[in-house]
Amino acid sequence: MTPNLTLIADGKKFMWDGRVFDTAEESLQQATAYERENFEVRRTDQDGKFFVYTRRAVKEPVVTRT
């Protein structure tokens, strides 16, 4: 089983972290760790397996001048 590499939620694109979790608790622990690192996180399940999708939260846009 291979989940989608991307997930669109609330109009935002999230990327799969590449790991398949056997329990919801394991996926929650990983999601919490990502949130501590300032990622936005979504969790999903499919066929009894659990997946974590992340995206880096933009805090402040970087503007460069040429």
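Above this text sits the structure in question.
Residues numbered from 1 in each chain as written. Predicted model: local features only at pLDDT ≥ 70, side-chain atom pairs only at ≥ 80, totals over all residues. Heavy atoms only, no water.

## A short note on the overall build of the chain
Moving on, step 1. Along the backbone of the chain there are 1 helix and 4 strands.
Moving on, step 2. Its C-alpha radius of gyration of 14 Å places the chain more than 25% over the 11 Å reference for a compact globule of 66 residues.
Moving on, step 3. Along the first, second and third principal axes, the C-alpha set of the chain runs to 50 × 25 × 20 Å.
Moving on, step 4. Relative to its full complement of 66 residues, the chain shows a buried share of 26%.
Moving on, step 5. Residue pairs in contact within the chain that sit at least 24 positions apart in sequence constitute 48% of those at least 6 positions apart.
Moving on, step 6. As presented, the chain carries roughly 5100 Å² of accessible surface, and 47% of it is formed by carbon and sulfur atoms.
Moving on, step 7. Taking the 11 positively charged and 11 negatively charged side chains of the chain as two groups, their mean positions are separated by 8 Å. (Helix = DSSP H or I, 4+ residues; strand = E, 2+ residues; numbered from the N terminus. Rg over C-alpha atoms; globule rule 2.2 N^0.38 Å. Buried < 20%, exposed > 50% of the residue type's maximum accessible area, 1.4 Å probe, protein only. Contact = heavy atoms within 4.5 Å. Areas by Shrake-Rupley, 256 points an atom, 1.4 Å probe, with all protein chains shown as cover. Lys, Arg positive; Asp, Glu negative; His and termini not counted. Charge placed at Lys NZ, Arg CZ, Asp CG, Glu CD.)

## Structural notes on helix α1 (residues 24–36)
Moving on, step 1. The end-to-end C-alpha separation of α1 is 18 Å, in line with the 18 Å expected for 13 residues at 1.5 Å each.
Moving on, step 2. When we look at burial in α1, the residues that qualify are S27, Q30, A31 and Y34. The arc that holds every buried residue of α1, seen down its axis, measures 100°, which confines them to one face.
Moving on, step 3. Immediately downstream of α1, the backbone of N38 shows phi near 65°, a positive value. (Expected span 1.5 Å × (residues − 1). Arc of directions from axis to C-beta.)

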